[in-house]
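# Structural overview
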Amino acid sequence: MTAIVLPILVPFLFILAFIAIKSHRIAQALSIIGSSILLVLSLYLFFQVKDQGILTLNMGGWKAPMGITLVIDYFSALMLVVTAVIGLAITIYTLYYLPGQHQHTRFYVFFFALMMGVNGAFTTGDVFNLYVWFEVILISSFILIIIGHSKAQLEGGIKYMALNLIGSLLFLAGLGLLYGKTGTLNMAHLAEILRTDPQSTLINSSTALFFIAFGIKAAVFPLFFWLPASYHTPNITVTALFAGLLTKVGVYALIRFFTLFFVQDQSFWLSTMAVIAGLTMVIGGMAASAHYDIRRILSYHIISQIGYMIMGLAIFTPLAIAGAIFFMLHNMIAKTNTFLVAGVIHRSQGSFHLKEVGGLLKQNPLLAILFIIPAFALVGVPPLSGFFPKFMLIKAGIEAQDYLIVAAAVITAMFTLYSKIKIWNQAFLKKDPSSSQLNIRKSLWVPHLIPLIILALVSVFLGLFAATIFDYTMAAAQQLIDPSDYIHHVLNNQ
Amino acid sequence: MEILLAILVGVLYTAGTYMVLRRSILKFIIGLIFLSNATNLLVFLSAGLTAGKPAFVEDATTTSGQIADPLPQALVLTAVVIGFGLTVFALALKLKFFETTGTDDLDQLKKTDKQ
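Read on for an overview of the structure. (Residues numbered from 1 in each chain as written. Chains lettered and ligands numbered in written order. Predicted model: local features only at pLDDT ≥ 70, side-chain atom pairs only at ≥ 80, totals over all residues. Heavy atoms only, no water.)

### Some details on the overall build of chain B
A count of helices and strands for chain B gives three helices and zero strands. Reading the secondary structure of chain B in the N-to-C direction produces α-α-α. Computed over the C-alpha atoms, the radius of gyration of chain B is 19 Å, more than 25% above the 13 Å expected from 2.2 N^0.38 for a compact globule of 115 residues. Expressed along its principal axes, the backbone C-alpha trace of chain B runs to roughly 65 × 25 × 25 Å. Expressed as a percentage of the 115 residues in chain B, the buried residues total 34%. For chain B, contacts bridging at least 24 residues in sequence account for 58% of all contacts bridging at least 6. (Helix = DSSP H or I, 4+ residues; strand = E, 2+ residues; numbered from the N terminus. Rg over C-alpha atoms; globule rule 2.2 N^0.38 Å. Buried < 20%, exposed > 50% of the residue type's maximum accessible area, 1.4 Å probe, protein only. Contact = heavy atoms within 4.5 Å.)

Pasting the structure below:
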């Protein structure tokens, strides 16, 4: 399957094109074409995986444990599709919401670099290659976060850079030790070696380093401080993009590594993760309730939702892993959408602060509906997308008799509901405060809301066709829990 | 040789950790450079050293031990380049931040954490 390389190659070609193009208009048109191509490609790859099972490609013709292998299983394919949907929504959003200095073709260069990095991280089957994709994501996100050069952005950029660079150094150290112990960096080969290796204590040093590195990426409990310090500083388009993709790449790597080859000393790692998941959820949820800036509420909210995904991994039954994957799909879409709504609120009212905005329900009922859908989805109201994964996770938790983590999940749902009601009351129901009347307001047209409508429809779709999505995530979870198929496909592919 | 290098890695990690905890942004970046070099050496070292042997030989029949493992060398080469790029970016960001705010003190960076 040579097509596997296309989700990486296509963004790369678009980066080259954007370096050459000077005109805004052409760049905007081209970016929408580019992300549409990515969406079609990822859907094609998904249906290929559905028909043929796991797809692999040995880069440069080097056979499996030696060269770099690209692998797409159900989990990767689902992530690729959601990434492409978010990419398309964001590129449409940039048509209306990127002010002056952003509207440079430079934004699109690094946008596609980020997409390339994320797609690469989701498709690679090699640990060092994953490190390289992480660095691609990191450097492009560094630049996206400081485009505009405001004081707050530079300050947020330094905080973001500092912790993430340390995280990637820990990743590299863990990778080096792992190579020293096993002599391979191919994930399938590592799985073959480590699943039969009795010496668990030696591997734990690598496991710990990887766990901390991915924990920083995923923003779990003691390591999340870079996220609320930086996510509210850049342009809202960039924040929405980061909210949808970046932390989830960390969660993806955690799920991939801890199901595929870090299975030694599993009881210790899974119970650690359960504690971290619970704390991440509750503390993120509590912090979100304390804030009044919409972007800060939503940023803390990203953290609390990461806890649910880690919870699925910690319970480690097929249902729980499937729940975690379903939760990721739903959360990436709905989270991006709430940030896009925040951007629209800012455009129409001139502020992100809840005390300065209001009266949106009367001004724009369509926007109110478009906020309600992702907000209810995140809270977990049926039949929207958030209900089913939460139900799966809580059911799996009760079956595994992890009552504490289930309690934490239920309490966090309350916090989520509280912070969404707060945004609803303050921004939509409350009367428009007079202080913001002085601001110059831009009118909203339906075309401005198209990306929000796309993502809201996907949320509704994920909820209405939950049985189909459940089957796919269950298949993905089966492939992760029993990786013999994965190992066989990678190592015996000629 | 391994022991010497292992001690060097330890010293670099210690120095890097100390520098990262300083208040100046520039010293923080110097700390990152130390940590990055320590990590590169660690990757190189953990695969084992084979002194005085080439990494690539024409004859494919040589047994292990007679040639050096080329993979860690390639990994470190890539990691060095990436680390260099990131360090340059960090320095450029620090310069821009200094031009905008006139401060190099990490304790002044409290604005984005406030309510």
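### What to know about the packing of helix α15 (residues 365–379) of chain A against helix α17 (residues 403–429) of chain A
Residues and elements named next belong to chain A. Running from N to C, α15 and α17 point in directions that differ by 170 degrees, and their axes come no closer than 9 Å. Between α15 and α17, the crossing angle belongs to the class labelled roughly antiparallel. Of the residues in α17, those touching α15 at L367, A368, F371, I372, A375, L378 and V379 are T416, L417, K420, I423, W424 and F428. Residue classes in the contact of α15 with α17 are distributed as eleven nonpolar, one polar and one charged. (Axes fitted to C-alpha atoms, helices over the stretch in contact; angles between N-to-C directions. Parallel < 35°, antiparallel > 145°, perpendicular 65-115°, else oblique. Nonpolar A, V, L, I, M, F, W, Y, C, P; charged D, E, K, R; others polar.)

### As for the packing of aromatic side chains
For any two aromatic rings, the description comes down to two numbers: the centre-to-centre distance and the angle of the planes. Residues and elements named next belong to chain A. One pass over the full model with this rule turns up 46 aromatic pairs over all chains. Relative to Y252, the ring of F75 lies with its centre 4.9 Å away and its plane at 35 degrees, an arrangement referred to as tilted. Here Y252 lies in helix α10 (residues 236–260) and F75 lies in helix α3 (residues 74–97), a separation of 177 residues in the sequence. For Y252, a relative accessible area of 3% corresponds to the buried category. Geometrically, the ring pair formed by F210 and F214 is tilted, given 5.8 Å between the ring centres and 35 degrees between the ring planes. Of the two residues, F210 and F214 both sit in helix α8 (residues 200–218), four residues apart, roughly one turn of that helix. For F210, a relative accessible area of 0% gives the class buried. On the basis of relative accessibility, which here comes to 0%, the residue F214 falls in the buried class. (Phe/Tyr/Trp six-rings, centres within 6.5 Å; stacked < 30°, edge-to-face > 60°.)

### Side note on empty space enclosed by the protein
A complete count under the given rule lists three cavities of 30 Å³ or more for this structure. Size it by volume and the largest cavity reaches roughly 150 Å³. Only α5 (127–146) and α6 (151–182) of chain A together with α2 (25–46) and α3 (70–101) of chain B provide two or more residues apiece to the lining of the largest cavity. When its residues are assigned to classes, the lining of the largest cavity shows eleven nonpolar, five polar and one charged. Elements that contribute at least two residues to the lining of the second largest cavity include exactly α5, α6 and α10 of chain A. Of all the elements, α5(A) adds the most residues to the lining of the second largest cavity, at four residues. Tallied by class, the residues present in the lining of the second largest cavity amount to seven nonpolar, two polar and one charged. (1 Å grid on protein atoms, 1.4 Å probe; cavity = no way out; pocket = protein on both sides within 12 Å on 5 of 7 lines; lining within 4 Å. Points joined across faces, edges and corners; volume = space filled by probe spheres on them.)

### Observations concerning the pattern of salt bridges
Proximity of charged atoms lets side chains of opposite charge pair with each other. Residue and element names in this part refer to chain B. Evaluated as defined, the whole model comprises seven salt bridges over all chains. Across the salt bridge formed by D107 and R23, the nearest N and O atoms sit 3.3 Å from each other. Pair noted here: D107 is in the segment after α3 and R23 is in the loop between α1 (2–20) and α2, with a separation of 84 residues, a long-range link. Linking K94 and D104 is a salt bridge whose minimum nitrogen-to-oxygen distance equals 3.0 Å. Of this pair, K94 sits in helix α3 while D104 sits in the segment after α3, and the two are ten residues apart along the sequence. For D104, a relative accessible area of 24% gives the class partly exposed. What emerges from the salt-bridge pattern is a single network uniting R23, D105 and D107. (Salt bridge = Lys/Arg side-chain N within 4 Å of Asp/Glu carboxyl O.)

### A short note on the interface of chain B and chain A
In this assembly, 35 residues from chain B lie in contact with 37 residues from chain A. With both sides pooled, the region where chain B packs onto chain A buries about 3100 Å², and carbon together with sulfur makes up 78% of that total. Considering only the surface of chain B that becomes buried against chain A, B:L86, B:F89 and B:T112 emerge as the three largest contributors, covering 20% of it. Linking chain B to chain A there are zero salt bridges. Counting across the chain B and chain A interface gives two residue pairs in polar contact (both at pLDDT 80 or more). Breaking the side of chain B that touches chain A down by element, the ones donating at least two residues are α1, α2 and α3 of chain B. No other element matches α3(B), which puts 14 residues into the side of chain B that touches chain A. Class assignment for the residues of the side of chain B that touches chain A results in 20 nonpolar, nine polar and six charged. (Buried area = accessible area lost by both parts, 1.4 Å probe. Polar contact = N/O pair within 3.5 Å; in protein donor to acceptor, adjacent residues only side chain to side chain.)

### Description of the layout of surface pockets
If you add up the space inside the largest pocket, you get close to 700 Å³. Lining the largest pocket are 21 residues, with A:P65, A:M66, A:G67, B:P70 and B:L71 positioned closest to its centre. Where the lining of the largest pocket is concerned, the elements lending two or more residues are α5 of chain A together with α3 of chain B. Ranked by residues supplied to the lining of the largest pocket, first place goes to α3(B) with four residues. Of the residues contributing to the lining of the largest pocket, the split by class is 13 nonpolar, six polar and two charged.

### Focus on helix α1 (residues 6–20) of chain A
All names here are of chain A. With 15 residues, α1 extends 21 Å from end C-alpha to end C-alpha; this agrees with the ideal 21 Å at 1.5 Å per step. Regarding α1, the residues found buried are P7, I8, V10, P11, F14, I15 and F18. The buried residues of α1 all sit within an arc of 170 degrees when viewed along its axis, so they share a single face. Structural note: α1 exposes I19 and A20 on the side pointing more than 90 degrees away from its buried face. Buried positions along α1 lie against α2 (24–52), β2 (69–72), α3, α4 (105–123) and α5. (Expected span 1.5 Å × (residues − 1). Arc of directions from axis to C-beta.)

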